Amino acid sequence: MNAIASSSSRARNWPELSFVFLCLVSIVFWLRDLTALLKLAVSDERYTHLFLVLPLSALLIFLQRNSVRLAPRRRTIWAAGFLIFSVVLAELARIHVPNSGLPSDVRLTVSVFALVVWWIGSFVLCFGLQAFQALSFPLLFLLWMVPLPSLVLDVWVGWWQRGSAISAEMLFRLIREPATLSGMVLSLPGLDLEVAPECSSIRSSLILIVTTMALAQILLRSPWRKVAVIALAIPLSIAKNGLRIFVLGWLATHGDPDIFSTRLHTQGGVVFLSVAFAIVFVLAWILRRDERKCEVARMWTTVG
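Residues numbered from 1 in each chain as written. Predicted model: local features only at pLDDT ≥ 70, side-chain atom pairs only at ≥ 80, totals over all residues. Heavy atoms only, no water.

Visitor: Could you give me a rundown of the pattern of salt bridges, with the residues and numbers involved?
Guide: Summed over the entire model, instances satisfying the criterion amount to 5 salt bridges. Salt-bridge contacts for D44 lead to R46; the nearest nitrogen and oxygen are separated by 2.9 Å. There is no split in this pair, since D44 and R46 are both buried. Between D154 and R46 there is a salt bridge, with the nearest N and O atoms lying 2.8 Å from each other. With a gap of 108 residues between them, D154 in helix α9 (residues 150–174) and R46 in the loop between α2 (31–43) and α3 (50–63) connect regions that are remote in the sequence. Note on D154: relative accessible area 44%, which makes it partly exposed. A residue is classified by how much of its surface remains accessible, and R46, at 18% relative accessible area, is buried. (Salt bridge = Lys/Arg side-chain N within 4 Å of Asp/Glu carboxyl O. Buried < 20%, exposed > 50% of the residue type's maximum accessible area, 1.4 Å probe, protein only. Helix = DSSP H or I, 4+ residues; strand = E, 2+ residues; numbered from the N terminus.)

Structure representation (structure tokens):
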């Protein structure tokens with residue numbers, strides 16, 4: 001009986017052990033790329049959000065772990081094709097693609113994308129398609145680990161930069177403060193304020209969007225409510241940057257002209273990020289209460 005029980009226990013744990021093994025294999029195979037990704041996140045503030053992706057994905061999987069236990073474990077062999085595809089893609093980025101002069105950041109993008117494909121393919125292979133469907137959000141959330149190439153990210157920064165400048169100008173006009181925007185230069189009384197790429201606060205914007213997606217997944221069930229919260233985070237990330245520029249500009253023209261050399265300028269972004277996240281959280285909480293009321297109403301309607 002003990003032998004049968006031991007054999008049954010190993011059979012139940014086999015998918016978990018297989019998945020851990022495949023993840024360890026990926027770490028060894030992609031170690032150089034993971035090291036480069038870590039260095040990028042440390043050295044370039046535009047990629048700071050990468051530190052959040054794995055912990056948030058792991059948290060979401062943990063919170064939804066019961067859905068995996070309930071899902072039938074019919075594994076699909078075709079998922080091995082994902083593993084083969086990811087290895088081929090990574091090798092192309094490492095060996096063949098460099099000869100074509102592809103930038104190193106693009107090669108890193110391709111390699112990390114291949115790594116995420118390996119993880120997803122490993123999960124499907126070990127736990128089955130039904131389990132993947134149950135945890136599709138936290139698994140696809142891992143795609144945030146893929147670093148955008150500088151060419152793409154620079155375009156995104158330009159949009160955020162322009163949007164921040166426009167929103168700051170609108171705030172000055174709202175309080176009837178003379179302000180003129182020419183290109184990326186915001187002209188105020190006695191001050192010309194250049195909205196540099198750093199003023200786009202792309203780091204805090206990406207952090208806000210990534211954390212909002214996780215928050216919406218944790219608190220809400222309705223797809224449209226999740227989309228509503230995430231959609232709010234995008235314009236809000238621009239608005240908070242405009243508010244920061246507005247506050248600094250107003251303080252410089254009405255108080256301390258050296259405000260841009262203080263900690264409020266260099267480290268004050270966390271304050272405005274906190275305000276934006278608080279707005280997102282309040283909206284998600286309101287929608288969660290509304291969602292629960294709708295569920296109770298449906299339950300009473302069904303009972304009636």
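Visitor: Explain the sheet that holds strand β1 (residues 180–182) residue by residue, including any values.
Guide: Strand order in the open sheet formed by 3 strands is β1-β2-β3, and the pairing between neighbours is antiparallel. Pairing within the sheet leaves two strands with one partner each, and these edge strands are β1 and β3 (191–194). Here the strands of the sheet are splayed against their neighbours by 25° on average, with no regard to which way each runs. Strand direction decides the pairing type here: β1 and strand β2 (residues 185–188), joined by 3 bridges, are antiparallel. Pairing of T180 across the sheet is with S187, part of β2. Relative to β1, α9 is tilted by about 160°, and along the sheet it contacts β1 and β2. (Pairing = 2+ DSSP bridges. Axes fitted to C-alpha atoms, helices over the stretch in contact; angles between N-to-C directions. Contact = heavy atoms within 4.5 Å.)

Visitor: Describe helix α6 (residues 104–127), naming the residues involved and giving the relevant values.
Guide: The end-to-end C-alpha separation of α6 is 35 Å, in line with the 34 Å expected for 24 residues at 1.5 Å each. The buried count for α6 comes to 17 of 24 residues, which makes it a mostly enclosed element. Following α6 by one or two positions, G128 adopts a phi angle in the positive range, close to 100°. (Expected span 1.5 Å × (residues − 1).)

Keep in mind that these numbers describe shape and distance, not what the molecule does.
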